[in-house]
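# Inside the fold
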Amino acid sequence: MAVNTDSNTYTVAFAAVMVVIVGSVLAFAASSLKDRISENEKFEKQQNILYAMGVSENGDDEGSVNFVPTDKVEAEFTKYIKEQIVIEGDKVTKNDAAYLIDLKKEIAISKKGETPKLPLFIGEKDGKKSYVIPMYGKGLWDAIWGFISVDENLVVQGVYFDHKGETPGLGANIKQRYFMDDFKGELILSGDSFVGIKVAKGNNDPVNKIKDDNEVDALAGATITGNGVSAMIKESVNLYKPYLETIRAKK
């Protein structure tokens, strides 16, 4: 008996079979690649943490962002990150997997009035300690995130920013080197207040020579993204404020 390939029944049956086949293939691929995806995410986070504390393969070209390569990053992370800790209220514990904590979830917990688990990374480069703080916030279109590294005087040693869906050529430029480099040397304190760093329009310091004004020059056409970066830094700094005050107290 010949099959009527022009019938609605055949079309529906064929589509159903294809959905099952394609779904099975995609499920198998996702399962097979799960470990590889997790490993790549781990390497990316390690690269970002190291970049914030100044460990990268950047040269003199100010236009490029060059991470430690994935085949070297695990060894470099172990070399430069001397300690990973988790801050939970007054409790501080060592945790070698602190970099895997989902900060987005912990910020949501904090906003509910509960105690979050906050990861922090203590690194050392050229004999100088760095405290690398993860950050998470909201840009114009979607999530923004990154890391900010400070020394014992709470002077910024470096930052790394990334985004999910900011506008190319505008808000997406938060991950450009020229913008991130402006944060180096800035203070997250104003007197004894933890104020973070504001991405400011018209701050009268376009080449960013003034390092005690808690400001960097804004990106053209990206006001809302810049405001998001400002809010993200301030919120993150204040989450870590009790611990950062203990760093200052040791001086």
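Residues numbered from 1 in each chain as written. Predicted model: local features only at pLDDT ≥ 70, side-chain atom pairs only at ≥ 80, totals over all residues. Heavy atoms only, no water.

A word on the side chain of Ser-149. Positionally, Ser-149 belongs in strand β5 (residues 143-150). When sequence neighbours within four positions are dropped, the list of residues in contact with Ser-149 reads Ala-52, Met-53, Ser-130, Tyr-131, Val-132, Val-155, Val-156, Gln-157 and Gly-158. (Helix = DSSP H or I, 4+ residues; strand = E, 2+ residues; numbered from the N terminus. Contact = heavy atoms within 4.5 Å.)

Within the sequence span of helix α3 (residues 103-111), burial applies to Leu-103, Glu-106 and Ile-107. Considered in projection along α3, the buried side chains sweep an arc of 100 degrees and stay on one side of the axis. In this structure, the buried residues of α3 make contact with β3 (118-125), β4 (128-138) and α5 (223-239). Immediately downstream of α3, the backbone of Gly-113 shows phi near 85 degrees, a positive value. (Buried < 20%, exposed > 50% of the residue type's maximum accessible area, 1.4 Å probe, protein only. Arc of directions from axis to C-beta.)

On to the pairing of strand β6 (residues 156-163), then. Most of β6 is tucked away: 7 of the 8 residues are buried. Taken together, the 7 bridges between β5 and β6 define a ladder with antiparallel strand orientation. Considered in β6, the bridge of Trp-145 is made with Asp-162. Connecting the antiparallel pair β5 and β6 is a turn made up of 5 residues, with Leu-154 showing a positive phi of about 65 degrees. (Pairing = 2+ DSSP bridges.)

Another point: α5. The terminal C-alpha atoms of α5 lie 24 Å apart, and with 17 residues this matches the ideal 24 Å at 1.5 Å per residue to within 8%. Listed in full, the buried residues belonging to α5 are Thr-225, Gly-226, Gly-228, Val-229, Ser-230, Met-232, Ile-233, Ser-236 and Val-237. (Expected span 1.5 Å × (residues − 1).)

Quick look at the pattern of salt bridges now. This structure, assessed with the given rule, holds 8 salt bridges. With a closest N to O distance of 4.0 Å, Glu-57 and Lys-72 form a salt bridge. You can see Glu-57 sitting in the loop between α1 (8-52) and α2 (70-80) and its partner Lys-72 sitting in helix α2, a full 15 residues away along the chain. The exposure class assigned to Glu-57 is partly exposed, which follows from its relative accessible area of 43%. Relative accessible area serves as the criterion here: at 44%, Lys-72 is assigned to the partly exposed category. Of the charged contacts, one joins Asp-151 and Lys-128 as a salt bridge, the two residues approaching to 3.5 Å between their closest N and O atoms. You can see Asp-151 sitting in the loop between β5 and β6 and its partner Lys-128 sitting in strand β4, a full 23 residues away along the chain. For Lys-128, a relative accessible area of 40% puts it in the partly exposed group. Linked by salt bridges that have partners in common, Arg-177, Asp-181 and Lys-184 make up one network. (Salt bridge = Lys/Arg side-chain N within 4 Å of Asp/Glu carboxyl O.)

Spatial relationships are all this shows, so hold off on functional conclusions.
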